[in-house]
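# Coordinate inspection notes
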Amino acid sequence: QWWRWGFLGMLLLMLHAVLMSFSRGAMVALLVSSPLLILRSKQKKSMIMFVTGLLFALPLLAGPQIQARFFSTKQYGEDRSAQSRLESWNAGWSIAKDHPVLGVGLRNSDMLSARYGADVAGRTIHSQYFQILADSGFPALTFYIMTLFATWRALRRTQKNCRNASSETDQLAYNMASGIEGAIAVFCIGATFLSLQIFELPYLLILLALKLSLTVMRQEASMASSSITFP
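The rules we used
Residue positions are given per chain, counting from 1 as you read along its sequence in written order. Under the rules for a predicted model, residues below a pLDDT of 70 receive no local features and side-chain atom pairs below 80 are neither given nor counted, while totals for whole chains, interfaces and linings still include all residues. For side-chain calculations, the full set of non-hydrogen atoms in the structure is used, while hydrogens and water are omitted. Here a strand is any run of E in DSSP of at least two residues, a helix any run of H or I of at least four, and the numbering for each starts at the N terminus. In this analysis, the expected span of each helix is defined as 1.5 Å times one less than the number of residues it contains. Only protein chains enter the area calculation, which uses a 1.4 Å probe; residues under 20% of their type maximum are buried, those over 50% are exposed, and those in between are partly exposed. Contacts between residues were defined by any pair of non-hydrogen atoms, one from each residue, lying within 4.5 Å. Note on definitions: angles span 0 to 180 degrees between N-to-C directions of axes, and those axes are lines fitted to C-alpha atoms, for helices only across the stretch in contact. Three classes are used: nonpolar for Ala, Val, Leu, Ile, Met, Phe, Trp, Tyr, Cys and Pro, charged for Asp, Glu, Lys and Arg, and polar for all others, with Gly counted as polar. Counting of polar contacts relies on pairs of N or O atoms within 3.5 Å, with two restrictions inside protein: one atom must be capable of donating a hydrogen and the other of accepting it, and residues adjacent in sequence are counted only when both atoms are side-chain atoms. Like charges within 9 Å and nonpolar side chains (Val, Leu, Ile, Met, Phe, Trp, Tyr) within 5 Å are joined into patches, using only residues over 30% in relative accessible area that form no salt bridge. Residue-level accessible areas treat just the shown protein chains as cover; the underlying method is Shrake-Rupley with a 1.4 Å probe. Any Lys or Arg side-chain nitrogen located within 4 Å of an Asp or Glu carboxyl oxygen qualifies as a salt bridge.

## A word on helix H9 (residues 138–162)
Over its 25 residues, H9 runs 36 Å from end to end, which matches the ideal 36 Å to within 8%, given 1.5 Å per residue. By the burial criterion, the buried members of H9 are Leu141, Tyr144, Leu148, Thr151, Ala154, Leu155, Arg156, Thr158, Gln159 and Cys162.

## A closer look at the environment of Leu112
Mapped onto the fold, Leu112 is located in helix H7 (residues 109–112). In this structure the C-alpha to C-alpha distance between Leu112 and Ala91, which are 21 residues apart in sequence, comes to 8.4 Å. Residue contacts for Leu112: discarding those within four places in its chain leaves Ile95 and Val104.

## What about the packing of helix H1 (residues 5–20) against helix H2 (residues 24–33)?
At a closest axis distance of 8 Å, the pairing of H1 and H2 adopts a crossing angle of 145°. Along its contact with H1, which presents Leu15, Val18 and Leu19, the element H2 presents Ala26, Met27 and Leu30. Class assignment for the residues of the contact of H1 with H2 results in six nonpolar, no polar and no charged.

## Side note on the side chain of Glu181
Take Glu181: it is sitting in helix H10 (residues 168–190). Within the structure, the side chain of Glu181 is placed 3.2 Å from the side chain of Trp152, a separation counted as a polar contact. A polar atom in the side chain of Glu181 sits 3.0 Å from the side chain of Gln159.

## Some thoughts on unusual backbone geometry
The residue Arg107 is not glycine, and still its phi comes out positive at about 65°. Tracing the chain through its elements places Arg107 in the loop between helix H6 (80–98) and H7. Phi angles above zero are rare outside glycine, and His126 is one such case at about 60°. Inspection of the secondary structure puts His126 in the loop between H7 and helix H8 (128–136).

## Things to note about a nonpolar patch on the surface
Judged by side-chain polarity, Phe199, Leu201, Leu204 and Leu207 come together as a nonpolar surface patch covering roughly 390 Å² of accessible area. Position of Leu207 among the secondary structure elements: in helix H11 (residues 201–226). By relative accessible area, Leu207 is classed as exposed at 56%.

Here it is in structure tokens:
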């Protein structure tokens, strides 16, 4: 229905909220993951027009200070904030190399980061992946990445099975899978710049993705069994 585009219009408010946070990581995450809006949409022409209009609206939503904050990423070599993040990543990698199997314990790497090259004592690693690596070791990071990959595979399977289906239930499943995929993509990109391994929302998204995939698979199995005829 036409009013569903109103939900898409809410992206303007969400984008404005992200810009007002002055978080360059959040801005990059939205920018990099935004092509999924077009790629997964069934109305690509309309979506391209919407995204184009959104790009033209950005200067109105972002004032001079926000624009300066975002474009400062070009001078990351001179930006102290960016350099401290690179130093914390190096510290996380060094901690992981000294404790490769079990790490040093959840959030204990913050207490050791200065000893390994971070700029101040207690500096967070500022990366989901380096934080898990330092806190829990290489096996934990491998398992975490495998979980994300399995989640994406489950979502893609749901999308492929339901994209061209005619029933409203299958269409809803496709839209839900695409929405969850987009949300997880934003999180995974943004988590490159923040330590969010104990943030609850992505784990709820993973559970929703797997539950959705199981529901669709069971529905397909039920339909397949009901179509079997016996002589």
